[in-house]
Amino acid sequence: MEPPVLETENLVKVYGRGANRFDALKGLTLEIKRGESVAVIGKSGSGKSTLMHLMALLDRPSQGVVALNGRPVSELKNKEIHKVRNESFGFVFQQFFLNPNQTVLENVVLPLKIAGLSKRERNQRGMEALERLEMADKAKNKATDLSGGQKQRACIARALVTNPSVIFADEPTGNLDSNTSEVVEEILFGLQRECGITLVVVTHDDDLAAKCDRRIHLKDGEIVSVEEGRLDATHGEPNQQSASSAGDAVPAPNYRATEPWAATGGSTSSASEDGPKHREEGTR
Ligand SMILES: Nc1ncnc2c1ncn2[C@@H]1O[C@H](COP(=O)(O)OP(=O)(O)OP(=O)(O)O)[C@@H](O)[C@H]1O
């Protein structure tokens, strides 16, 4: 049987030390099958982004295992980790993380530049991705000269350009109005359906979570329930595996996601502490 595309075993993440110690994840074990869509839900501070960063190899666990296609990531050398992250994963963030000084096409082809492809090949593949997102006419625009929805489509094009097996989306519709959110959701689920891309979505948005094949509910760094089945009208009732009510949230600190291509060099361990290199405002 095919191993899960991603799995974690007893995943622990501790931030800080001594009096500042915070146990963000307290031993999470889960599997994500190839081609499924999974929402990671829970209140602010419950550990959603931390879990996503560990699964996306943007950060390292304090304890426990992350395995990719059945192979523990701890067996991979740093160079291989960077390669896997750049070529097998696509990232879509609420804050877009587009470089405002570059054109849309330049932003989209960045993962291919990191992978060392020639300019000709990068631009060809970048244009193909933009065409798929109906954004080809914006290729030469500066990334700032786009609406919120167009920015997110450019980000999805960038996430797609390496033909990833998994797309990680952290609040992908968080900066978008409801109509634009629907368009972006349709694009993401279309990629899952049509290209078999595994979708891992961190979200507070119940509607978006309901459209996923599975919802993993975190509370205070632990899994409190896993709900199977899409909840939208076309699909049947969910199958609640285990449940408990979510209590008060731990307040989130001043913690921000880092775009993956900023985590270069030999280590992924400080990815969640460094600010992104190119940041731009979330909305226009
Ligand atoms: N770099 C860090 N240093 C110290 N504590 C951190 C760090 N990053 C996260 N935490 C803590 O870990 C907990 C989980 O944070 P995380 O960002 O994963 O939560 P979240 O569920 O994604 O929250 P939100 O929905 O607000 O984005 C938070 O309570 C936060 O205080």
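Rules used in this analysis
Residues numbered from 1 in each chain as written. Predicted model: local features only at pLDDT ≥ 70, side-chain atom pairs only at ≥ 80, totals over all residues. Helix = DSSP H or I, 4+ residues; strand = E, 2+ residues; numbered from the N terminus. Buried ≥ 20, exposed ≤ 12 C-beta atoms within 10 Å, placed from the backbone. Contact = placed C-beta atoms within 7 Å. Axes fitted to C-alpha atoms, helices over the stretch in contact; angles between N-to-C directions. Parallel < 35°, antiparallel > 145°, perpendicular 65-115°, else oblique. Left-handed = near helix turned anticlockwise from the far one by under 90°. Nonpolar A, V, L, I, M, F, W, Y, C, P; charged D, E, K, R; others polar. Pairing = 2+ DSSP bridges. Expected span 1.5 Å × (residues − 1). Core = buried A, V, L, I, M, F, W, Y, C linked by C-beta atoms within 7 Å. pLDDT = per-residue confidence, 0-100.

Looking at an unreviewed UniProt entry, one finds the protein chain named ABC transporter ATP-binding protein, with Kocuria subflava as its source organism.

Please provide a residue-by-residue account of the overall build of the protein chain, values included.
What the protein chain contains, in helices and strands, is eight helices and 11 strands. Relative to its full complement of 284 residues, the protein chain shows a buried share of 44%. Contacts in the protein chain between residues far apart in sequence, at least 24 positions, make up 68% of those at least 6 positions apart.

Tell me about the packing of helix α6 (residues 148–160) against helix α7 (residues 178–195), and please be specific about residues and values.
Interhelical geometry of α6 versus α7 gives an angle of 15° and a closest axis separation of 9 Å. The angle between α6 and α7 falls in the class roughly parallel. In the packing of α6 onto α7, the handedness of the crossing is right-handed. Residues Gly148, Gly149, Gln152, Arg153, Ile156 and Leu160 of α6 touch α7, and the partners they reach there are Thr180, Val183, Val184, Ile187, Leu188 and Leu191. Looking at the contact of α6 with α7, its residues break down into seven nonpolar, four polar and one charged.

Got a sec to walk through the sheet that holds strand β1 (residues 6–15)? Specific residues and values, please.
Pairing is antiparallel in the open sheet, where four strands are placed in the order β2-β1-β4-β5. If you trace the sheet from one side to the other, it starts and ends with β2 (22–32) and β5 (71–72), each paired once. As paired elements, β1 and strand β4 (residues 63–68) share five bridges and run antiparallel to each other. Each bridged residue has a counterpart across the sheet, and for threonine 8 the counterpart in β4 is valine 66.

I'd like a description of α6, backed by residues and values.
With 13 residues, α6 ought to run about 18 Å at 1.5 Å a step, and its terminal C-alpha atoms sit 18 Å apart, in line with that. Across the 13 residues that make up α6, a large majority, 10, are buried. Residues of α6 that are buried include every one of Lys151, Gln152, Arg153, Ala154, Cys155, Ile156, Ala157, Arg158, Ala159 and Leu160, and no others. Each element contacted by the buried residues of α6 is listed here: β6 (89–93), α3 (104–108), α4 (110–114), α5 (119–132), β7 (166–170) and α7.

Got a sec to walk through the nonpolar core? Specific residues and values, please.
Counting residues in each nonpolar core, the largest one holds 68 residues, and the members touching the most others are Val40, Ala157, Ile167 and Val200. The element contributing the most residues to this core is α6, with six residues. With sequence-adjacent residues up to four places away left out, valine 200 is seen in contact with Ile32, Val38, Val40, Met52, Met55, Val166 and Phe168.

Explain the pairing of β2 to me, and be specific about the residues and the numbers.
The side chains of a regular strand alternate between the sheet's two faces. Pairing analysis gives eight bridges linking β1 to β2, with the strands arranged antiparallel. Bridge assignment links leucine 6 to a residue of β2, and that residue is isoleucine 32. In this antiparallel pair of consecutive strands, β1 and β2, the connection spans six residues, and glycine 16 shows a positive phi of 70°.

Can you tell me about the confidence of the model for the protein chain, naming the residues and giving the values?
Per-residue confidence for the protein chain gives a mean pLDDT of 83, with 82% of residues at or over 70. Counting interchain partners and residues more than four positions distant, the pLDDT-below-50 stretch residues 242–259 has 35 contacts. Taken together, the stretch residues 261–284 has pLDDT below 50 and engages in 49 contacts with residues farther than four places along the chain or on a different chain. In the predicted complex, the global pTM is 0.82; the interface-specific ipTM is 0.97.

So what's going on with the pairing of β4? Which residues, and what values?
Pairing analysis gives two bridges linking β4 to β5, with the strands arranged antiparallel. Bridge pairing in β5 links alanine 67 to proline 72. A loop of two residues connects β4 with β5, the two strands running antiparallel in sequence, and asparagine 69 in this loop sits at a positive phi of about 50°.

Lay out unusual backbone geometry with the relevant residues and their values.
The residue asparagine 10 is not glycine, and still its phi comes out positive at about 50°. Checked against the element boundaries, asparagine 10 lands in strand β1. A tally of 13 C-beta atoms within 10 Å means that asparagine 10 is categorised as partly exposed. Notably, glutamate 171 is not glycine yet its phi reads approximately 50°, a positive angle. Judged by the 21 C-beta atoms lying within 10 Å of it, glutamate 171 is buried.

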